[in-house]
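# Chain and residue survey
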Amino acid sequence: MKKETQGITVKKENLVDWYSEVVQKAELADYAPIKGFMIIRPNAYSIWQNIQDYFNKVLEKKGVRNAYFPLLIPESFFKKEAKHAEGFNPELAYIKNTDEGEKLALRPTSETIMYDSYSKWIRSWRDLPLKINQWCNVIRWEVKQTKPFLRTREFLWQEGHCVFSTENEAEENMNEMAEEYKKMVEEILAIPVLIGKKSEGEKFAGAQTTMTIESLMPDGKALQMGTSHNLGQNFAKAFNVKFKDQNEKEQYGWQTSWGFSTRLIGALTMVHGDDKGLVLPPKIAHNKLVIIPILFDKTSEKVLKKSKEIEKKLAKFNPIADYRTDYSPGWKYHEWEMKGIPLRIEIGPNDLAKKQVVIVRRDTNEKISVPEKNIEKEVPKLLDEIQKNLFNKAKKFLDSRIDKAETLKELKEKIKLGKIVKAYFIDDGKTEDYIKEATEGSTSRLIEFSKTAGICIHTGQKTNTIGYFSKSY
RNA sequence: GGGGCUGUAGUAUAGCCUGGUUAGUAUCUAAGGUUUGGGACCUUAUGACCCCGGUUCAAAUCCGGGCAGCCCCA
């Protein structure tokens, strides 16, 4: 008889229910008492810390320094850049009962409050480039269905905000940060992404150009994993971010902003998980392996001793040593599989006799007998293989789901199959609105410009713009 | 924005339609004992009707509102 109350009870093919269950049972997050808010539990927070550690090094390399700006933003700040104000207005939450004269918004993003300071700090071309990042929480009062990590009213993120003296530098910075995002997500999270520009309708409110990285979830919906914006001089003009150039001429700064959020943890869960639960890519896992001794009365002492020896040898992989005696080995296997630990090392009396251990891969469930003397060599090799395997599996999936369409009908059908569908279209906002209407809410995830012109699937006009259309989170 | 479903120990659930003993079961947790190579077993104990109001002699059950979660459509 199987006991169903413990492990993951939903198959991954039923992604929505599966996701909720894994988030809870792998102890990534819990629901908060307020709609759309979540509690990030240590298992998920350690993932976030690993991401932070990685990205802080990137920031350092790029000469970006961390800082912190206030959570509250005067309402009037939002009104200074018209498109920004319009774009964020529906999602703004305010605090009203303060002794301030005006309403105070909870930041949904910090362009306005940061650039207010920037305008004071920047006087000369010598002050540029100015490159600041902050790790913080933001509030966006979503009316849509919320879901842990994927859409919450509060989430954690990083937002980088740079000012340059030339347009080229800003453009370059937008591109290089998008590339850094791609690199991070692919190398650390093992999630393959598409990279490209956002359409007019989808770009950031107030940006001149937005670059995005997008991945595809198992249910055929795309997920935006990070964005990088070239703000041009839009905010500089609204906030008076000016400098005197080398010719003593006053100029507006050229600005960028870029960010990714804890949403990455949701993506990670959906992309790699399986029917047993979470599967963590080794590079993002805090505990890379778990050691489970197989304890029988007569041999337990020796087995434990050996286990501790191996635990010490593998200390740099942060092993979890599950020496509890009140759970059977089988119970422990399930437990740590559900939580996504990449490798499991089993040590029992039989192994002791053969001077070996049994190593089990989380991604393939493959059991490998490894001679004791080879463990230290074998573990990093296996972790590396798991990392690659997870990426390759996800890449194969993504590649298999990219298609193209020449008619609206074809587009509709292929989107229904859970694909990202390439189609020529006129990027004027209206055409995309039409396609959105016709395809039950699908929009372009990103666009690219083709050398050869094609026919817009809606207007029939010639165009060089190709949109990647799909449903999205 | 529109429509629908749900809420009972930490978790999963029975009971609700047709109001009426001490709210049942499994798991978790705690204690003790036997176990341990893919979720072992026995004994004992603790623990719950989302909140506010209404109807009634009597509400987990019926009604209204709120809060939260989920689904579908735009």
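What counts, and at which threshold
Along each chain, residues carry numbers from 1 onward, in the same order as the chain's sequence is written. The order in which chains are written sets their letters, starting at A; the order in which ligands are written sets their numbers, starting at 1. Only residues with pLDDT of at least 70 are given local features in this predicted model, and only at 80 or more are side-chain atom pairs given and counted; all residues enter the totals for whole chains, interfaces and linings. Any two strands with at least two DSSP bridges between them are considered paired. Per the convention used, a helix needs a DSSP run of H or I reaching at least four residues, while a strand needs a run of E reaching at least two, with both numbered from the N terminus. What counts as a contact here is a pair of residues whose C-beta atoms, placed from the backbone, lie within 7 Å. Every axis corresponds to a line fitted to the C-alpha atoms, with the helix fit spanning only the stretch in contact, and the corresponding angles, defined between N-to-C directions, vary from 0 to 180 degrees. Residues with at least 20 neighbouring C-beta atoms inside 10 Å of their own are called buried, those with 12 or fewer are called exposed, and the rest are partly exposed, where every C-beta is derived from the backbone. Residue ranges assigned to the domains are those given by an automatic or database domain assignment. Throughout this description, a residue near a molecule or strand is one whose C-beta atom, derived from the backbone, lies within 6 Å of it. All amino acids are sorted into three groups, where Ala, Val, Leu, Ile, Met, Phe, Trp, Tyr, Cys and Pro are nonpolar, Asp, Glu, Lys and Arg are charged, and the leftover types, Gly among them, are polar.

### Things to note about the sheet that holds strand β19 (residues 367-371)
- An order of β16-β15-β17-β18-β19 is seen for the five strands of this open sheet, with the pairing classed as mixed. Only two strands of the sheet have a single neighbouring strand rather than two, namely β16 (320-321) and β19.
- Helix α12 (residues 375-400) rests against β15 (289-293), β17 (343-347), β18 (356-361) and β19 of the sheet, and its axis sits at about 10° to β18.

### Description of the pairing of strand β8 (residues 154-164)
- Burial analysis of β8 places eight of its 11 residues in the buried class, the great majority of the element.
- For strand β7 (residues 130-139) and β8, the ladder comprises 10 bridges, and the chain directions are antiparallel. In the strand pairing of β8, I132 is matched with H161.
- With eight bridges joining them, β8 and strand β14 (residues 254-261) adopt antiparallel strand pairing. Considered in β14, the bridge of W157 is made with S261.

### A short note on the domain arrangement of chain A
- Looking at the assigned domains, one finds that chain A contains domain 1 (15-272), domain 2 (289-382) and domain 3 (402-472).
- Distance from the C-alpha centre of domain 1 to the C-alpha centre of domain 2: 41 Å.

### Here's the deal with the environment of R65
- Within the secondary structure, R65 sits in strand β3 (residues 65-66).
- Each C-alpha atom of the pair R65 and Q134 lies 8.3 Å from the other, and the pair is 69 residues apart in sequence.
- Excluding its chain neighbours within four sequence positions, the residues that come into contact with R65 are K131 and I132.

### Digging into the protein's contact with RNA strand B
- In the vicinity of RNA strand B lie 39 residues, with G7, K35, G330, G348 and N350 positioned nearest.
- Elements that contribute at least two residues to the surface near RNA strand B include exactly α1 (15-25), α10 (329-338), α11 (349-354) and β18.
- At eight residues, the largest contribution of residues to the surface near RNA strand B is made by α10.
- Residues of the surface near RNA strand B, tallied by class, amount to 14 nonpolar, 15 polar and 10 charged.

### Brief notes about helix α8 (residues 263-272)
- The buried fraction of α8 amounts to 10 of the 10 residues, a majority that puts the element mostly inside the structure.
- Of all the positions in α8, only R263, L264, I265, G266, A267, L268, T269, M270, V271 and H272 are classed as buried.

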